[in-house]
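Observations on the model geometry
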Amino acid sequence: MSLNPDTAGRVLIVEDDLALQKQIKWSLDRYDCATAADREAAILQYRRVQPTVVTMDLGLPPDPDSVSEGFRLLEQLLDLDPHVKVIVLTGQNDQANALRAVALGAYDFLAKPFDPEVLGLTIERAMRLAELQAENRRLQALQQPDALSGLMTRDPEMLRISRMVERVASSDATVLLLGESGTGKEVLAQGLHQASRRSGRFVAINCAAIPENLLESELFGYEKGAFTGAAKTTPGKIETAHGGTLMLDEIGDLPASLQAKLLRFLQERKIERLGARQEIPVDVRVVGATHQDLQALIAEGRFREDLYYRLAEIEVKIPPLRSRQGDAVLLAHAFLRRFAQEQRRGSLVFSEDALQAIEAHAWPGNVRELINVVKRASIMADGTRVTAQDMGLKVPEREGAAAAGTEFDLRAAREAAERQTVIAALARTNNNIVKASELLGISRPTLYDLMHRLAIK
Ligand SMILES: Nc1ncnc2c1ncn2[C@@H]1O[C@H](COP(=O)(O)OP(=O)(O)OP(=O)(O)O)[C@@H](O)[C@H]1O
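By convention here, each chain's residues receive numbers from 1 onward along its written sequence. For a predicted model such as this one, the threshold for reporting local features is a pLDDT of at least 70, and the threshold for listing and counting side-chain atom pairs is 80 or more; totals across whole chains, interfaces and linings nevertheless cover every residue. Here the side-chain values reflect all heavy atoms present in the structure, with hydrogen atoms and water set aside.

Accessible area lost upon the coming together of the parts is a frequently used measure of interface size. Note that domain bounds follow an automatic or database assignment of domains. Here the protein is partitioned into domain 1 (10-143), domain 2 (156-319) and domain 3 (322-453). Between the C-alpha centres of domain 1 and domain 2 there is a distance of 55 Å.

The next thing to look at is the UniProt feature "modified residue: 4-aspartylphosphate" (unreviewed entry) in the protein. UniProt positions are given in the numbering used here, feature names are shortened, and annotations may be inferred rather than shown by experiment. UniProt tags Asp 57 as "modified residue: 4-aspartylphosphate" (unreviewed entry). Starting at the N terminus, helices and strands are each numbered in turn, a helix being any DSSP run of H or I of at least four residues and a strand any DSSP run of E of at least two. For Asp 57, the location among the structural elements is in strand S3 (residues 53-57). Given the relative accessible area of 8%, Asp 57 is considered buried. Not counting chain neighbours up to four residues away, the residues in contact with Asp 57 comprise Val 14, Glu 15, Asp 16, Gly 70, Leu 89 and Lys 112. Classification of residues uses two cut-offs on accessible area relative to the type maximum, computed with a 1.4 Å probe and protein chains only: under 20% is buried, over 50% is exposed, and between them is partly exposed. Here, two residues are considered to be in contact whenever any of their heavy atoms come within 4.5 Å of each other.

On to the site of the ligand. The cutoff for a nearby residue is simple: one of its non-hydrogen atoms must lie within 4 Å of the molecule or strand. Around the ligand sit 18 residues in total, of which Met 152, Ser 181, Gly 182, Lys 185 and Arg 368 are the nearest. For the purposes of these results, a polar contact is taken to be a pair of N or O atoms within 3.5 Å, where, inside protein, one atom must be able to donate a hydrogen and its partner to accept one; residues adjacent in sequence count only when each atom of the pair is a side-chain atom. For the ligand, an oxygen atom lies 3.1 Å from a polar atom in the backbone of Gly 184. In the model, an oxygen atom of the ligand is placed 2.9 Å from a nitrogen or oxygen of the Arg 368 side chain. To be clear on the numbers: accessible area is Shrake-Rupley with a 1.4 Å probe, and residue cover counts the displayed protein chains and nothing else. Considering the ligand on its own, with 620 Å² of exposed area, one finds that the protein chains cover 83% of that surface. Listed by contribution, the elements that provide at least two residues to the shell around the ligand are helix H7 (185-196), helix H13 (327-342) and helix H15 (366-380).

Moving on: the packing of aromatic side chains. Any pair of Phe, Tyr and Trp rings, taking the six-membered ring for Trp, is counted once the centres come within 6.5 Å. Such a pair is stacked with planes under 30 degrees apart, edge-to-face with planes over 60 apart, and tilted for the rest. Inspection of every chain in the model, using the stated rule, returns two aromatic pairs. Taking 5.1 Å as the distance between ring centres and 75 degrees as the angle between the ring planes, the aromatic pair formed by Tyr 308 and Tyr 309 counts as edge-to-face. Owing to a relative accessible area of 9%, Tyr 308 belongs among the buried residues under this scheme. You can call Tyr 309 exposed: its relative accessible area is 53%.

As a further point, take the pattern of salt bridges. If charged atoms from side chains of opposite charge come close, those side chains can pair. A pairing counts as a salt bridge when a side-chain nitrogen of Lys or Arg comes within 4 Å of a carboxyl oxygen of Asp or Glu. Evaluation of the coordinates by the stated rule reveals 24 salt bridges. For Arg 39, the salt bridge is made with Glu 69, and the minimal N-O distance between the two is 2.9 Å. Here Glu 69 lies in helix H3 (residues 68-80) and Arg 39 lies in helix H2 (residues 39-49), a separation of 30 residues in the sequence. Taking the relative accessible area as the measure of exposure, Arg 39 reaches 10% and is therefore buried. Among the residues examined, Glu 69 registers a relative accessible area of 12% and is labelled buried. Across the pair Lys 317 and Glu 315 runs a salt bridge, and its minimum N-O distance is 3.4 Å.

Now for the UniProt feature "domain: Sigma-54 factor interaction" (unreviewed entry) in the protein. UniProt's feature table lists "domain: Sigma-54 factor interaction" (unreviewed entry) at residues 151-379, given in the numbering used throughout. Secondary structure content for residues 151-379 is 45% helix and 15% strand, while the C-alpha to C-alpha distance between its ends is 24 Å.

At least two DSSP bridges between two strands are required for those strands to pair. Spatial strand order, S7-S10-S13-S6-S14: five strands in an open sheet with parallel pairing. The two strands at the open ends of the sheet, each matched to only one other strand, are strand S7 (202-206) and strand S14 (314-317). Averaged over all neighbouring strand pairs, the angle between strand axes comes to 15 degrees, with direction disregarded. Judged from the five bridges that link them, S7 and strand S10 (residues 245-249) form a sheet pairing that is parallel. Looking at the pairing, Asn 206 lines up with Asp 249 of S10. Lines fitted to C-alpha atoms define the axes, with helix axes restricted to the stretch in contact, and inter-axis angles between N-to-C directions lie between 0 and 180 degrees.

The next thing to look at is the environment of Pro 211. Position of Pro 211 relative to the elements: it lies in the loop between S7 and helix H8 (212-220). The class of Pro 211 is partly exposed, set by a relative accessible area of 45%.

What a helix should span is 1.5 Å times the count of its residues minus one. Look at H3: 18 Å from first C-alpha to last across 13 residues, which is about the 18 Å you get at 1.5 Å a residue. Of all the positions in H3, only Glu 69, Gly 70, Phe 71, Leu 73, Leu 74, Glu 75, Gln 76, Leu 77 and Leu 78 are classed as buried.

Further remarks concern the sheet that holds S3. Strand order across the open sheet formed by five strands is S2-S1-S3-S4-S5, with parallel pairing between neighbours. The strands lining the two open edges of the sheet, one partner per strand, are strand S2 (32-36) and strand S5 (108-111). In this sheet, adjacent strand axes meet at a mean angle of 20 degrees when their direction is disregarded. For S3 and strand S4 (residues 85-90), the ladder comprises five bridges, and the chain directions are parallel. Its bridge partner being in S4, Val 54 is matched across the sheet by Val 86. Packed on one face of the sheet, helix H1 (residues 18-27) meets strand S1 (10-14), S2 and S4 and runs near 170 degrees to S2.

Along the chain, the position of Ser 217 falls in helix H8. Apart from the residues within four sequence positions on either side, Ser 217 is in contact with Tyr 222, Phe 227, Gly 236 and Leu 274.

Another aspect to go through is unusual backbone geometry. The peptide bond linking Pro 61 to Pro 62 adopts the cis configuration, its omega dihedral lying at 10 degrees. With respect to the secondary-structure elements, Pro 62 resides in the loop between S3 and H3. Here the residue pair Lys 112 and Pro 113 is connected by a cis peptide bond, since its omega of 0 degrees sits within 30 degrees of zero. Note that Pro 113 resides in the loop between S5 and helix H5 (116-143). Notably, Arg 269 is not glycine yet its phi reads approximately 60 degrees, a positive angle. One can find Arg 269 in the loop between helix H10 (256-268) and strand S11 (270-271).

Next up, the structure:
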């Protein structure tokens, strides 16, 4: 939670003894207090009020004599917001549970009957700490913008690609991004630019969208009078990107004459504007991108092999959305949240059939198609549930177990199945660890262990 001035100073009191609840509230009259008497009400209130501090009793209904509901609530609160400050009120001789709560992430504990003054001071300290921590996170975010924060993924191959992009960012190497349309080539190119900390601009040009006769002047610029209509000297995109990054999108569509000229630029790092007599040195990191098969174009004589090698100092093959584990559902949740907010539709959620349909669809238009489909559905949905029909997707007929494969390495097969299932459960529950562990039928610590073992972040 980034502490927000509207919610700072709010306390949620979770206590099933209503007399005690009243007494705590009364002793905290300088704060804006909300109350709840059981776990479910506490979660509802938490979402509604977004308190900075929660005080809670561990013994809650339906089983007030045990601590199970209390611990469950503590875990859920910390899942919702790992920064929330929870103060646990325990029985007189219950140090073991108090320590267990702190080990799980509670901020502090107090034994009942509590001293109102001590509780007040503890809450004040928690508020101050929360404020400092929120300010700290804000400053850190300002200092280190996460270069690839625009790229959401949990797929192992995409994560590997993100790490590689961050690693090569500071070098000058040209990068060639290969992937179907809508897979995020531009997002990656922008991330590469940000991570490079180059001081110049990020400039993108789509080689397929500009007619051949205009593309040369767009790229290289021109001097006044170089051709009819050249009213004033104009720098091209390459020059504009000086000190920064130039993305040449749809590089496979670059006409042959310009392929030769681009190759010369990449070798000499100088450009000559159209109609100019002198060369201008330009320092630019070039990123090429295409959905086409460049090897096939080379074989057909439509793309220069020497240019390919200049461009592909580092080649990145971006997998299509359909082969990324769990990503379609993960991204769909994020886009739905975004559109619901933009359209002020309160909270919108996917129905079960919608989630199945998202998992089964092949997404030929990749992330761009997913964005469009979710946007349309967020407008079409009646009420708060988005169905497969709202998205115009077919609900798959469930088959039995996956078709028998030729995988005989049992350990590898088991690990692959575990990874796929865990990622799918996390995506399905929008990264809610408690719900994902329930869906998987395992405990939360077991899920954490599994995620650790399978290196799932
Ligand atoms: N992993 C991702 N997380 C979040 N948004 C994404 C992701 N990948 C792509 N997008 C979004 O999807 C849209 C398409 O992505 P982008 O333009 O980068 O694709 P592209 O591969 O460059 O497509 P094209 O080849 O058609 O130009 C953009 O709105 C982008 O912000």
